[in-house]
Amino acid sequence: MLAEISSRINTLSPAEGRVARWILDHPRQAARATLAELADGCGASEPTVIRFCRRLGLAGFRELGLRLSEASAQPASYLHRDVRADDRAADAAAKVIDASVHALLDVLRRLSSMPLEAAVAVMQAARQLAFAGLGASGYVASDACHKFFRLGLPCTTLTDTPSILQFAAIAEHSDVLVIVSHSGRWTELGRAAHMAAGRGSTVIALTDPRSSLAGAANIVFPCDAHEDANVYTPMSSRLAQLALLDALQVALALALGDQAVARLKLTKAALRPATDHSDARTSNQDGD
């Protein structure tokens with residue numbers, strides 16, 4: 001949270017900048033302060049503090065306090081939020097897997113309210129699909145591209161900031177940009193979403209529904225951040241994102257019908273070992 005505030009400070013208004021600088025100078029005090037106390041401490045009005053929170057993509061002042069508390073707390077372990085340094089290997093493994101199971105069950109519980117039909121409709125009519133993500137989310141984006149292209153749709157992966165921004169700048173009306181982000185608070189991703197949507201493209205985001213990225217996207221699959229990415233490498237949330245994209249790929253294949261099934265068969269057949277007959281024919285052609 002503190003790193004995010006520091007990176008955004010030059011984009012804030014003078015009054016919001018005072019709020020940011022006071023928080024950076026007094027992070028623990030800010031985490032415990034009431035709205036009135038924080039406003040008084042930084043010499044700003046309470047509405048200015050609320051605007052500052054919204055500029056960071058937060059739901060409100062209460063979330064700011066929670067994020068600052070997370071940032072200032074010393075974790076028991078940097079390995080995993082549920083694992084302690086004195087855990088046995090078997091216990092640690094069980095905790096990691098249990099957290100992953102709970103993340104997947106949470107997705108399953110909310111699946112009926114997620115915009116699968118809307119996403120499938122725009123993907124089915126898309127000129128091309130682009131899957132974007134940074135860091136660990138980039139691997140999720142790459143995995144999705146590897147699966148979706150086998151349906152016969154033009155796909156690309158964008159895993160660095162310049163590529164994401166440049167794609168968004170030239171995106172067309174029938175393009176679909178799928179952005180994967182654990183927190184949704186990277187400024188560049190929100191900027192890319194705004195650019196692509198402004199050009200008429202559809203932006204699908206798998207992210208924290210309270211984030212600035214979610215606010216810029218056309219279609220949002222809520223993936224609440226239960227892991228503090230300032231401390232831990234996302235694990236359980238990454239598995240939830242992978243599962244959601246798998247479900248979306250299958251739903252799209254069903255919508256495309258026989259055409260998708262035929263293409264999936266062809267991609268599988270292409271990986272089978274060549275038959276003796278085809279090998280012999282190739283040898284003859286080589287000899288000619």
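Quantities reported herein were computed from a predicted structural model and do not represent experimental measurements.

On to the pattern of salt bridges. In the structure shown here, the tally under the stated rule is eight salt bridges. The salt bridge partner of D175 is R127, with a shortest N-O separation of 2.9 Å. Pair noted here: D175 is in strand β3 (residues 175–180) and R127 is in the loop between α8 (116–124) and β1 (128–133), with a separation of 48 residues, a long-range link. For R127, a relative accessible area of 43% corresponds to the partly exposed category. Its salt-bridge partner being R210, residue D208 comes within 2.9 Å of it at the nearest N-O pair. What you see here is one network of salt bridges that share partners, running through E63, R67, D208 and R210.

The geometry of a pair of packed helices is captured by two quantities: the angle between their axes and the separation between those axes. Axis separation between helix α4 (residues 35–42) and helix α5 (residues 46–55) bottoms out at 9 Å; the angle between their running directions is 100 degrees. As far as their axial angle goes, α5 and α4 are roughly perpendicular. Across the interface between the two elements, L35, A36, L38 and A39 from α4 touch E46, V49 and I50 from α5. Residues that form the contact of α4 with α5 fall into these classes: six nonpolar, no polar and one charged.

We now examine α8. Among the residues of α8, those classed as buried are L116, A119, V120 and M123. An end-on view of α8 places all buried positions within 100 degrees of arc, on one side of the element. At its buried positions, α8 is contacted by β1, α9 (136–148), β3, β4 (202–207), β5 (219–222) and α13 (236–256).

So, on to the packing of aromatic side chains. Note on aromatic pairs: each is described by the distance of the centres and the angle between the planes. Tallying each qualifying case throughout the model produces one aromatic pair. Their ring planes at 45 degrees and their centres at 5.0 Å tell us that F131 and F148 sit as a pair that is tilted. Separated by 17 residues along the polypeptide, F131 in strand β1 and F148 in helix α9 bring together distant segments of the chain. Comparing F131 with F148, the two get one shared label, buried.

Before going further, it helps to examine α9. Here α9 is 13 residues long and its end C-alpha atoms lie 19 Å apart, about the 18 Å a rise of 1.5 Å per residue gives. For α9, the full list of buried residues reads S137, G138, V140, A141, A144, C145, K147 and F148. Residues of α9 that are buried make contact with α8, β1, β2 (155–158), β3 and α13.

Further remarks concern the pairing of β3. Counting buried positions over the six residues of β3 gives six, a clear majority of the element. Pairing of β1 with β3 involves six bridges; the strand directions are parallel. Bridge pairing links Q128 to D175 in β3. One ladder, built from five bridges, connects β3 with β4; its direction is parallel.

So, how was this worked out
- Residues numbered from 1 in each chain as written.
- Predicted model: local features only at pLDDT ≥ 70, side-chain atom pairs only at ≥ 80, totals over all residues.
- Heavy atoms only, no water.
- Salt bridge = Lys/Arg side-chain N within 4 Å of Asp/Glu carboxyl O.
- Helix = DSSP H or I, 4+ residues; strand = E, 2+ residues; numbered from the N terminus.
- Buried < 20%, exposed > 50% of the residue type's maximum accessible area, 1.4 Å probe, protein only.
- Axes fitted to C-alpha atoms, helices over the stretch in contact; angles between N-to-C directions.
- Parallel < 35°, antiparallel > 145°, perpendicular 65-115°, else oblique.
- Contact = heavy atoms within 4.5 Å.
- Nonpolar A, V, L, I, M, F, W, Y, C, P; charged D, E, K, R; others polar.
- Arc of directions from axis to C-beta.
- Phe/Tyr/Trp six-rings, centres within 6.5 Å; stacked < 30°, edge-to-face > 60°.
- Expected span 1.5 Å × (residues − 1).
- Pairing = 2+ DSSP bridges.

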